[in-house]
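These are the residues of each chain, in order.
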Amino acid sequence: TCIPLSAGLAGRAAQSGRPEIVMRAREDASYHPEVDIPSTGGSTLITVPFLNTHEKAFAVLQAAGACLRVRVLCACTRACGRVSDPSCVRQSTSTA
């Protein structure tokens, strides 16, 4: 499945290059359940893009409660502006 890079709070942070703290993430118009880390009703979602020396996002970290996810964007993202999962996005999820 190919997910647009602009999808979700992760995509918004990747495009802007700025970290975000979103209260009640599921209520935000940009929240995308297939892209963003699962968030319970009123929880806060922290999204932080990792930028290369050209200030382009190559990974996005998201944290909500005890869950942490890192998505690493790769070459096809730059070529087509889309993220393919799993072939084009490597992600790691852990819980504390």
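See the structure shown above.
Asks: Provide a residue-level description of the overall build of the protein chain, including the pertinent values.
Replies: Along the protein chain, the regular secondary structure elements total two helices and seven strands. Along the protein chain, helices (α) and strands (β) appear in the sequence β-α-β-β-β-β-α-β-β when read from the amino end. Looking at the protein chain as a whole, 39% of its 96 residues qualify as buried. Within the protein chain, residue pairs in contact and separated by at least 24 positions form 41% of the contacts whose partners lie at least 6 positions apart. Counting every atom, the protein chain has about 5,500 Å² of accessible surface; 55% of that belongs to carbon and sulfur.

Asks: Outline the nonpolar core, supporting the account with residue identities and numerical values.
Replies: Counting eight residues, the largest nonpolar core is built from Leu-9, Val-22, Ala-25, Tyr-31, Ile-37, Leu-45, Ala-64 and Cys-67. Beyond its immediate sequence surroundings of up to four residues, Val-22 is in contact with Leu-9, Arg-12, Asp-28, Ser-43, Thr-44 and Leu-45. Ala-10, Ala-14, Val-35 and Val-60 belong to the second largest nonpolar core, which has six residues in total.

Asks: Got a sec to walk through the pairing of strand 3 (residues 45-51)? Specific residues and values, please.
Replies: One ladder, built from three bridges, connects strand 2 (residues 20-22) with strand 3; its direction is antiparallel. Directly across from Glu-20, in strand 3, lies its bridge partner Thr-47. Pairing analysis gives six bridges linking strand 3 to strand 4 (residues 57-64), with the strands arranged antiparallel. The partner of Ile-46 across the bridge, within strand 4, is Ala-63. Where strand 3 folds back onto strand 4 in an antiparallel hairpin, the turn is made up of five residues, including Glu-55, whose phi is positive at roughly 60°.

Asks: Give me the environment of Cys-67: which residues, what numbers.
Replies: Relative to the elements of secondary structure, Cys-67 occurs in strand 5 (residues 67-73). Taking C-alpha positions, Cys-67 is 7.8 Å from Ile-37, a pair spaced 30 residues apart along the chain.

Asks: So what about the side chain of Thr-47? Which residues, and what values?
Replies: Along the chain, the position of Thr-47 falls in strand 3. Thr-47 sits in the buried class, given a relative accessible area of 1%. Polar contacts involving the side chain of Thr-47 include one to the side chain of Gln-62, which spans 3.1 Å. The residues contacting Thr-47, other than those within four sequence positions of it, are Leu-9, Ala-10, Ala-13, Pro-19, Glu-20, Val-60, Leu-61 and Gln-62.

Asks: Would you mind going over unusual backbone geometry in detail, with residue names and values included?
Replies: A positive phi angle, close to 50°, is found at Arg-24, a residue other than glycine. Summarising the element assignment, Arg-24 is placed in the loop between strand 2 and strand 3. Residue classification places Arg-24 among the partly exposed residues on the basis of a relative accessible area of 46%. Positioned with a positive phi, Glu-55 is a non-glycine residue whose angle comes to about 60°. Mapped onto the fold, Glu-55 is located in the loop between strand 3 and strand 4.

Reading the values: the criteria
Residues numbered from 1 in each chain as written. Predicted model: local features only at pLDDT ≥ 70, side-chain atom pairs only at ≥ 80, totals over all residues. Heavy atoms only, no water. Helix = DSSP H or I, 4+ residues; strand = E, 2+ residues; numbered from the N terminus. Buried < 20%, exposed > 50% of the residue type's maximum accessible area, 1.4 Å probe, protein only. Contact = heavy atoms within 4.5 Å. Areas by Shrake-Rupley, 256 points an atom, 1.4 Å probe, with all protein chains shown as cover. Core = buried A, V, L, I, M, F, W, Y, C linked by side-chain atoms within 4.5 Å. Pairing = 2+ DSSP bridges. Polar contact = N/O pair within 3.5 Å; in protein donor to acceptor, adjacent residues only side chain to side chain.

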